[in-house]
Amino acid sequence: MGEGSGDGPNQAAADVLGLPGPPDTLAEEAAAVVRGRTATRPAVGIILGSGLGEALRDIDEEAALSYEDLPGFPEPTVPGHAGKLVLGRLAGVPVAAFLGRIHFYEGHPLQLCGLPVRLARHLGARTMVLTASVGGLAPDLSPGTLVVGSDHLNFQGQNPLRAWRRPDGSPVFLDVSQVYDPELADLAYAEAEALGVPVARGVYAAMPGPTYETPAEIAFLRNSGASVVGMSVVPEALPARALGMRVLGLFSVTNAVGIHVDHVDVVRVAGEMSGAVARVVRGIASRLAGTGGPGRTENDEEG
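From a predicted model like this one, the values you see are computed outputs, not experimental measurements. Here the residue numbers are simple positions, counted from 1 along each chain's written sequence. With the structure being a predicted model, the display of local features is reserved for residues of pLDDT at least 70 and the display and counting of side-chain atom pairs for 80 or more, all residues being used for whole-chain, interface and lining totals. In computing side-chain values, all of the structure's heavy atoms are included and hydrogens and water are not.

### Structural notes on the overall build of the protein chain
Stage number 1. When helices and strands are tallied, the protein chain shows 7 helices and 9 strands.
Stage number 2. Residues counted as buried form 57% of the 303 residues belonging to the protein chain.
Stage number 3. Taking all contacts inside the protein chain whose residues are at least 6 apart in sequence as the whole, residues at least 24 apart take part in 83%. To qualify as a helix, a DSSP run of H or I must reach at least 4 residues; to qualify as a strand, a run of E must reach at least 2; elements of each kind are numbered from the N terminus. Whether a residue is buried, partly exposed or exposed follows from its accessible area with a 1.4 Å probe, protein chains only, as a fraction of its type maximum: under 20%, in between, or over 50%, in that order. Throughout, a contact is declared for two residues whenever any of their heavy atoms are within 4.5 Å.

### Some words on the environment of Ala226
Stage number 1. Inspection of the secondary structure puts Ala226 in the loop between helix 5 (215-223) and strand 8 (228-230).
Stage number 2. As a C-alpha pair, Ala226 and Ala205 span 21 residues in sequence and 5.7 Å in three-dimensional space.
Stage number 3. Once residues within four sequence positions are removed from consideration, Ala226 is found in contact with Leu137, Leu153, Val203, Ala205 and Leu221.

### A short note on the packing of helix 2 (residues 26-35) against helix 3 (residues 115-123)
Stage number 1. Remark: helix 2 packs on helix 3, axes separated minimally by 9 Å, with the N-to-C direction vectors making an angle of 55 degrees. It follows from the interaxial angle that helix 2 and helix 3 lie oblique. You can see that helix 2 and helix 3 cross each other, and the crossing is right-handed. Contacts from Leu26, Ala27, Glu28, Ala30, Ala31, Val34 and Arg35 in helix 2 reach Leu115, Arg118, Leu119, His122 and Leu123 in helix 3.
Stage number 2. As a working rule, the residues Ala, Val, Leu, Ile, Met, Phe, Trp, Tyr, Cys and Pro are called nonpolar, Asp, Glu, Lys and Arg charged, and the rest polar, with Gly in that last group. Of the residues in the contact of helix 2 with helix 3, the class split is 8 nonpolar, 1 polar and 3 charged. Under this scheme, a helix contributes an axis fitted over its contacting stretch, all axes are lines through C-alpha atoms, and angles between N-to-C directions fall in the 0 to 180 degree range. Should an angle fall under 35 degrees it is called roughly parallel, over 145 degrees roughly antiparallel, and 65 to 115 degrees roughly perpendicular, with every other angle called oblique. Handedness of a crossing follows from how the near helix is turned relative to the far one, being left-handed for an anticlockwise turn of less than a right angle and right-handed for a clockwise one.

### A word on the nonpolar core
Stage number 1. Grouped together as the largest cluster of nonpolar side chains are 54 residues, with contacts concentrated most on Leu70, Phe73, Leu85, Phe98 and Leu119.
Stage number 2. Of all elements in the fold, only helix 2, strand 3 (84-90), strand 4 (93-99), helix 3, strand 5 (127-136), strand 7 (199-206), helix 6 (234-242) and strand 9 (246-256) reach the threshold of two or more residues within this core.
Stage number 3. Other than its neighbours up to four places away in sequence, Leu70 contacts Ala30, Val33, Val34, Leu65, Leu85 and Leu119.
Stage number 4. Counting residues in each nonpolar core, the second largest holds 29 residues, with Leu90, Leu146, Ala188 and Ala285 among its members. What makes a nonpolar core is a set of buried Ala, Val, Leu, Ile, Met, Phe, Trp, Tyr and Cys residues whose side-chain atoms join them at distances within 4.5 Å.

### Remarks on the pairing of strand 5
Stage number 1. Here strand 5 lies mainly inside the structure; 10 of its 10 residues are buried.
Stage number 2. Pairs of strands are assigned from DSSP output, requiring at least two bridges between the strands. By the bridge criterion, 4 bridges tie strand 1 (residues 44-48) to strand 5 in an arrangement that is parallel. If you follow Val44 over to strand 5, its bridge partner there is Thr127.
Stage number 3. Sheet topology places strand 5 next to strand 9; 10 bridges connect them, and they run parallel.

### Overview of helix 6
Stage number 1. For helix 6, the tally of buried residues reaches 9 of 9 residues, placing the bulk of the element in the interior.
Stage number 2. Of the residues making up helix 6, those classed as buried are Val234, Pro235, Glu236, Ala237, Leu238, Pro239, Ala240, Arg241 and Ala242.
Stage number 3. The secondary structure elements touched by the buried residues of helix 6 are strand 1, helix 3, strand 5, strand 6 (146-154), strand 7 and strand 9.
Stage number 4. Within two residues after helix 6, Gly244 carries a phi angle of roughly 80 degrees, on the positive side.

### Points about unusual backbone geometry
Stage number 1. Here Gly209 and Pro210 are connected by a cis peptide whose omega angle stands at 0 degrees.
Stage number 2. Notably, Ala163 is not glycine yet its phi reads approximately 80 degrees, a positive angle.
Stage number 3. Of note, Ala163 is situated in the loop between strand 6 and helix 4 (182-195).
Stage number 4. In this model, Val233 sits at a positive phi of 70 degrees, which is unusual for a non-glycine residue.

### Some details on the environment of Gln158
Stage number 1. Inspection of the secondary structure puts Gln158 in the loop between strand 6 and helix 4.
Stage number 2. As a C-alpha pair, Gln158 and Pro235 span 77 residues in sequence and 9.3 Å in three-dimensional space.
Stage number 3. Once you skip the residues sitting within four places of it in the chain, Gln158 turns out to touch Phe104 and Leu110.

### Observations regarding empty space enclosed by the protein
Stage number 1. Cavity: a set of points on a 1 Å grid over the protein atoms alone where a 1.4 Å probe fits but cannot get out. Pocket: an open set with protein on both sides within 12 Å along at least five of seven lines, its lining residues, like those of a cavity, having an atom within 4 Å of a point. Grid points are joined across faces, edges and corners, and a volume is the space filled by probe spheres set on the points. Under the definition given, this model contains 2 cavities of 30 Å³ or more.
Stage number 2. Looking at the second largest cavity, its volume works out to about 30 Å³.
Stage number 3. Lining the second largest cavity are Arg101, Ile102, His103, Phe104, Cys113, Met231, Ser232, Val233, Pro235 and Glu236.

### What about the packing of aromatic side chains?
Stage number 1. Ring pairs shown here join Phe, Tyr and Trp side chains whose ring centres sit within 6.5 Å, with only the six-membered ring taken for Trp; geometry is labelled stacked below 30 degrees between planes, edge-to-face above 60, and tilted in between. One pass over the structure, following the stated rule, counts 4 aromatic pairs.
Stage number 2. Relative to Phe73, the ring of Tyr67 lies with its centre 5.0 Å away and its plane at 55 degrees, an arrangement referred to as tilted. This pair shows no difference in class: Tyr67 is buried, exactly as Phe73 is.
Stage number 3. On the basis of an interplanar angle of 5 degrees and a centroid distance of 6.3 Å, the ring pair of Phe73 and Phe98 is categorised as stacked.

### Quick word on the side chain of Gln156
Stage number 1. Its place among the elements puts Gln156 in the loop between strand 6 and helix 4.
Stage number 2. The class for Gln156 is buried, based on a relative accessible area of 5%.

Take a look at the structure:
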């Protein structure tokens, strides 16, 4: 987090030259639409999960666009996802906040689920904050706990980087030994503790959805090392890393697994947690703004 480098939109466009991507121009087209509405160059992209739209009510808004105005962005069909991109400042840091995500279970290609991340990178962001509502697999993770992501398990049956290519035409063989940035994770954990927000670290298991998990699946996921389970995040985290971005995962435990749950309950509890998520994200932004940003990533030389 911190101010974007360079001299504005033209520099942001130049920064993405040499980066990998899928065989489409949707991110470039959407970035052109956004630049036609605002000169804001975000340093941070934020994706808000089910019911968490209120978490960024503290943004000093400079522009807002409906997903209908952005090429390639489908209209959300999931309650709790507004389908809006807001650009502005949070604790002085320029951000691009996506209120609503694109889900695999809605029938979209897995590759399309990473479009918000690609757009954020094309606009200049070098950090992605991925929030999500999750079920708690670990017995000590009760509803209301914020889990800071340390790793993930991809059980969605596909890889979102399939068909991505580098400029030389080669596939994206990505090192994923450290998808989630440890420095950002430490900051988030410390900020949550300082604010009195129940917090833990954990591994996110990504399922295809839209069904919740069977008892056998729950046992399998626990034995696999998962702490929480959801139906997103991975299709965003891997593209972010492929684009040289730092990734922070913040997961709101809305329910324990293995008991009756429906999406209405998930959205309700997520809404109750949105204030805590907002305070943590704002606190992280304040800290990093004071240090001049999060530093370079391993792929900065490609920009």
